[in-house]
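An overview of the molecular structure
Each chain, letter by letter, is given below.
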Amino acid sequence: MAADDADGWRAVYEVDFLEVGTPQRVLLDGLPPLAVFKLADGSCHVTADTCTHGEASLADGFVEGDEIECPWHSGRFCVRDGRATAMPATEAIRVFPASVIDGRVCIRG
């Protein structure tokens, strides 16, 4: 499903298969593991999947509002901007510019 288009957008995940509060881990060539989120407001976001504190998969974590809680040590991150919002996490996670195009969550970058 990783199709590139002329504008630099790369398909990551089908929106219809995303559930609010249930992140999905995605592997794409040339990128670190990704976590794809659909929030209660309908917005979709894509971040690096690996916690900056403990190397855990954030897609295995708990979503509350616009934050993901790491399943290992309960550090939290905002999925909109990547900032660490709760200890022991202090370093932000990478956030990818995301848009929904033709029913697919796409990233640039």
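Residues numbered from 1 in each chain as written. Predicted model: local features only at pLDDT ≥ 70, side-chain atom pairs only at ≥ 80, totals over all residues. Heavy atoms only, no water.

1. Some words on unusual backbone geometry
In this structure, the amide linkage connecting Met 87 to the following residue, Pro 88, adopts the cis form with an omega of 10°. Structurally, Pro 88 can be placed in the loop between strand E8 (84-86) and strand E9 (95-96). We note that Ser 74 has phi near 70°; this positive angle belongs to a residue other than glycine. Residue Ser 74 is classed as partly exposed on the basis of its relative accessible area of 38%. Positive phi, close to 50°, is recorded for Asp 102, a residue that is not glycine. As for its position among the elements, Asp 102 is in the loop between strand E10 (98-101) and strand E11 (104-107). Exposure remark for Asp 102: the relative accessible area of 69% places this residue in the exposed category. (Helix = DSSP H or I, 4+ residues; strand = E, 2+ residues; numbered from the N terminus. Buried < 20%, exposed > 50% of the residue type's maximum accessible area, 1.4 Å probe, protein only.)

2. Things to note about the pairing of E11
Note: strand E1 (residues 10-14) against E11, four bridges, orientation antiparallel. Bridged to Arg 10 within E11 is Ile 107. For E10 and E11, the ladder comprises four bridges, and the chain directions are antiparallel. Note that in E11 the partner of Ile 101 across the bridge is Arg 104. Turn length for the E10-E11 hairpin, with the two strands adjacent in sequence and antiparallel, is two residues, and the turn residue Asp 102 shows positive phi of about 50°. (Pairing = 2+ DSSP bridges.)

3. Let's talk about the pairing of strand E3 (residues 34-38)
On a regular strand, each side chain points to the face opposite its neighbour's, so the side chains alternate between the two faces of the sheet. With four of five residues buried, E3 lies mostly within the body of the structure. Taken together, the three bridges between strand E2 (residues 24-26) and E3 define a ladder with antiparallel strand orientation. Bridging from a neighbouring strand, Arg 25 pairs with Ala 35 of E3. Here E3 pairs with strand E4 (residues 44-48) via five bridges, running antiparallel. By the bridge assignment, Ala 35 is partnered in E4 with Thr 47.

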